[in-house]
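Examination of the molecular architecture
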Amino acid sequence: VGGGGGGGLPCLYLVDSASRGEQLDSSMASWFGLVFLIVELLVCLIFASLVFSKYGSWKRQEWYVPVLSILGWVLCFYVVFSLPVDVSMSTDDNPNCNQPCKKGSGQEECELENGLVSPAVMEGIWSFVYWLTFVLTWLIYPVAQAYSDTGEFTAWDRLKASIKSNLLLYAIGSVVLILFLVVYLVQNAFQANAIRQLPSIAIAAGYLYGLLLLIALLGHGLVSIPQRLWRHANQEVSLKRYQFEIVSLQIKLEDAKVKLQKTLQNVRKLCDITRESDPYRRYVDIIASRCPRELDDVVGEGTIEVTYGKLARLHQKVKNNDHSVSMYQKLYDVCVDQALRLEDILDSKGSPGWRIYWSFSPPRSYSGSKIVDVLEYFYLCYLEGILCRVLSMFCTVLSILVVWCEFVTPILCKPDLSVFSQLVRIEGLHWSVIQIFVFIPVMYIAVCAYTSLFRLRLFNYYHLVPHSMSNSVSLLFSAAYLCRLITPLAYNYLNMIRYSSTPFLGVMGTVDLVPVFGNTLPTFYPVLLVPFSLATLFNLYGWILKQLRIEQFEFTESFESEQIDEGEKILCFERSRRSSHEPHDQDRSRLPKPALESVTVATTTYDIEDEEEWDEPRGQGGSFFGRVASNISSIFSRSESSTSSATVVESSHHPEFVRDVPMDDFPVCFEARPLSFDHLLRLRL
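Residues numbered from 1 in each chain as written. Predicted model: local features only at pLDDT ≥ 70, side-chain atom pairs only at ≥ 80, totals over all residues. Heavy atoms only, no water.

Focus: the overall build of the chain
Of regular secondary structure, the chain possesses 23 helices and 4 strands. For the chain, the residues scored as buried account for 42% of the 685 residues in total. Partitioning the intrachain contacts of the chain with sequence separation of at least 6 by distance along the chain shows that 78% fall at a separation of at least 24. When the accessible surface of the chain is totalled, it reaches about 37,600 Å², and 61% of it is carbon and sulfur. (Helix = DSSP H or I, 4+ residues; strand = E, 2+ residues; numbered from the N terminus. Buried < 20%, exposed > 50% of the residue type's maximum accessible area, 1.4 Å probe, protein only. Contact = heavy atoms within 4.5 Å. Areas by Shrake-Rupley, 256 points an atom, 1.4 Å probe, with all protein chains shown as cover.)

Quick look at the structure:
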């Protein structure tokens, strides 16, 4: 600039052009960062919608259930994407940020270089997320849960009933909060500084409650996820587990049907005694419209007093019982499908055709189907197990790292023992690489905690069921508690990597400075993860159930149970029943049939109407087994049974009787060879 004359003007012009170019690049980077955050939000929205499609029903649930559920899930998923951006903006002593960005410094270049968005934008996002989740978890979700579960007949009555049911909770919480505030203010002599710390105390209290929940869920998920992947690789044990679960689901289904039947009898009795002119008749019609079709065939029983309150409770009972029957029926059918599918895979192993012989699916016939069959065969029979074991080992390594980093969090020494902290402090890393190093452990921690909550069951109140069979209360409950995990999850990870200056902490404050909870409690709290993980690893919960004489499935090849044998019989019956209605894949007959073991048929009694109706079979010369075969057919054709009986002798002693019986006389396929267990079971059924 000091050249004088016209020499300075061109130089000033060049400097001004460069400055404008830098401002333009900064503005474009800022807009790109905002677009990046919006895209992440859309990804979370799509993923949350898919999760709702798996657990909830868009048609059955009322409109507010998917809206509130997806909203809560989006917020808890979004923290997985926002936290890496937040860490990349840290003003800590980080070798990858030589010029830390501070408010008022005017160094927007450094801000954008470290995260593509300014810290002010991230602080606004965190503030919005926190207060939105606060309102949702403490005001909206409790009322919505009670609203969806009540049996009132109008929207206004349902809202009043839901608020009334939450008044007790709010009253107890308010009393405890007031006592706590009075004690705190008295201890601090009502100082102005103590009053200003009240919002921080509220945040800290919510953080500690959520952190305990996070540690409990995380301790279970860090062990159970690798275990489930490893167990899934063993198809024989998985088949045993399905056989074990089928019996449990069948029992629960029958119990649910009995409860529904009794409820329908009460509804039928109510319909019979309520006149058309009765003012409660319209409520009775609403209850009847919610009942399944079996109501028309039910005979009314029981006594009920017709009042609005009792009608509302009966309405709620009808909804819950009907949903229970539908849920257990769906779970039973899916479990049977999975077990039959696994049986087909195990039977097809080693087949010369290199394909899976599905029992109830037609073979592929389009061009290139043979290649698809071969790829499907090798993947399901061999590669799937290997892939599950590799993923299990990878998850095991991540679980060990998470437990280690949580355990060394209170240890403030050099060198830093936290692996995750060392990764984000490697010199020369680009901000995008730092975000990847943050994203992987945060995502794994979130998956472990969230899946544990999704698999949790609290009696009959909370139970997320896949295949769109979850009720509204469970969906809203999961969304509410996932929202409670957002702040603890972010706080916990920042403690693990020892960061103390990020946009998140700028909004939430530092929990360690709260006098009420002390300076060390929030830091040592995560160490509780170790006993929770060990309890899951050594199956402490299963041992407790075993001491209570509650039988649980054990994932070992040597585990045997009568329930597994019973489940095998049920599967055999289901396969026979479906084969008679769904004759698919005739190529299955090409599979080498296993050798059928000869079994001894114990003396069995069949009920018939009249012993004199036992006619001689055609062309059998009055052979005893022929008489039995003929009259078994007559038994199956009868609609009623009686008290007379006939006895079958041990057929393994007379194999010629099997060859002499005409096949038309048998209601089931009976081949001319020694009896198999499958044949006997179908004959018994």
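Remarks on a negative patch on the surface
Taken together, the side chains of Glu-562, Asp-565, Glu-566 and Glu-568 make up a negatively charged region of the molecular surface. Along the chain, the position of Glu-562 falls in helix α20 (residues 562–581). (Patch = residues over 30% accessible without salt bridge, like charges linked within 9 Å, V, L, I, M, F, W, Y side chains within 5 Å. Salt bridge = Lys/Arg side-chain N within 4 Å of Asp/Glu carboxyl O. Lys, Arg positive; Asp, Glu negative; His and termini not counted. Charge placed at Lys NZ, Arg CZ, Asp CG, Glu CD.)

With respect to the pattern of salt bridges
A side chain of one charge can pair with a side chain of the opposite charge if their charged atoms are brought near each other. For the coordinates displayed, the defined rule picks out 13 salt bridges. Residues Lys-160 and Asp-157 are paired through a salt bridge, measuring 3.7 Å at the closest nitrogen-oxygen approach. Linking Lys-160 with Asp-157, this pair stays in helix α5 (residues 155–187), spanning 3 residues, or about one helical turn. For Lys-160, a relative accessible area of 43% translates into the label partly exposed.

Side note on the nonpolar core
Core analysis: the largest hydrophobic core is formed by 84 residues, its most contacted members being Trp-73, Tyr-450 and Tyr-493. Broken down by element, the residue count for this core peaks at 15 residues, all from helix α2 (residues 64–88). If we ignore the near neighbours within four places in the chain, the residues touching Trp-73 are Ala-48, Val-51, Phe-52, Phe-454, Leu-475, Ser-478, Ala-479 and Leu-482. (Core = buried A, V, L, I, M, F, W, Y, C linked by side-chain atoms within 4.5 Å.)

Quick look at the packing of aromatic side chains
Here the structure, examined in full by the defined rule, presents 25 aromatic pairs. Ring geometry for Phe-153 and Tyr-308: centres 5.7 Å apart, planes at 65°, overall edge-to-face. Pair noted here: Phe-153 is in the loop between α4 (119–149) and α5 and Tyr-308 is in helix α10 (residues 308–348), with a separation of 155 residues, a long-range link. Judged by centre distance (5.3 Å) and plane angle (75°), the ring pair of Tyr-283 and Tyr-308 falls under edge-to-face. Here Tyr-283, found in helix α9 (residues 281–290), pairs with Tyr-308, found in helix α10; they are 25 residues apart in sequence, far enough to count as distant. Taking relative accessible area as the criterion, Tyr-283 reaches 11% and is therefore assigned buried. (Phe/Tyr/Trp six-rings, centres within 6.5 Å; stacked < 30°, edge-to-face > 60°.)

Some words on α2
Between its first and last C-alpha, α2 extends 37 Å over 25 residues, near the 36 Å set by a 1.5 Å rise per residue. With 22 of 25 residues buried, α2 lies mostly within the body of the structure. (Expected span 1.5 Å × (residues − 1).)

Observations regarding the state of the cysteines
Tallied over the full model, the rule gives 0 disulfides. The cysteine Cys-483 is free of any disulfide, with Cys-76 supplying the nearest cysteine sulfur at 6.6 Å. The class for Cys-483 is buried, based on a relative accessible area of 4%. (Disulfide = S-S within 2.5 Å.)

With respect to the packing of α9 against α10
Where α9 contacts α10, the axes come no closer than 10 Å and their chain directions differ by 5°. It follows that α9 is roughly parallel to α10 by the angle criterion. In contact with Tyr-283, Val-284, Ile-286, Ile-287 and Arg-290 of α9, α10 contributes Tyr-308, Leu-311, Leu-314, His-315, Val-318, Lys-319 and Asp-322. Counted by class, the contact of α9 with α10 contains 8 nonpolar, 1 polar and 3 charged residues. (Axes fitted to C-alpha atoms, helices over the stretch in contact; angles between N-to-C directions. Parallel < 35°, antiparallel > 145°, perpendicular 65-115°, else oblique. Nonpolar A, V, L, I, M, F, W, Y, C, P; charged D, E, K, R; others polar.)

Brief notes about the confidence of the model for the chain
Of all residues in the chain, 68% attain a pLDDT of 70 or more, and the chain-wide mean is 74. Counting interchain partners and residues more than four positions distant, the pLDDT-below-50 stretch residues 1–25 has 3 contacts. Below pLDDT 50 for its whole length, residues 633–674 participates in 78 contacts with residues either more than four positions away or in separate chains. (pLDDT = per-residue confidence, 0-100.)

A few points about helix α11 (residues 369–407)
Along its 39 residues, α11 runs 53 Å from first to last C-alpha, staying within 8% of the 57 Å computed at 1.5 Å per residue. If you look at α11, its biggest bend is around 50°, right at Leu-383. (Bend = angle between axes of the 7 residues up to and from the residue.)

Concerning the side chain of Arg-281
Along the chain, Arg-281 falls in helix α9. Given a relative accessible area of 13%, Arg-281 falls into the buried group. Discounting chain neighbours no more than four positions away, the residues touching Arg-281 are Cys-271, Thr-274, Arg-275 and Glu-276.

Quick word on the environment of Trp-31
Take Trp-31: it is sitting in helix α1 (residues 8–55). In this structure the C-alpha to C-alpha distance between Trp-31 and Val-117, which are 86 residues apart in sequence, comes to 8.0 Å.

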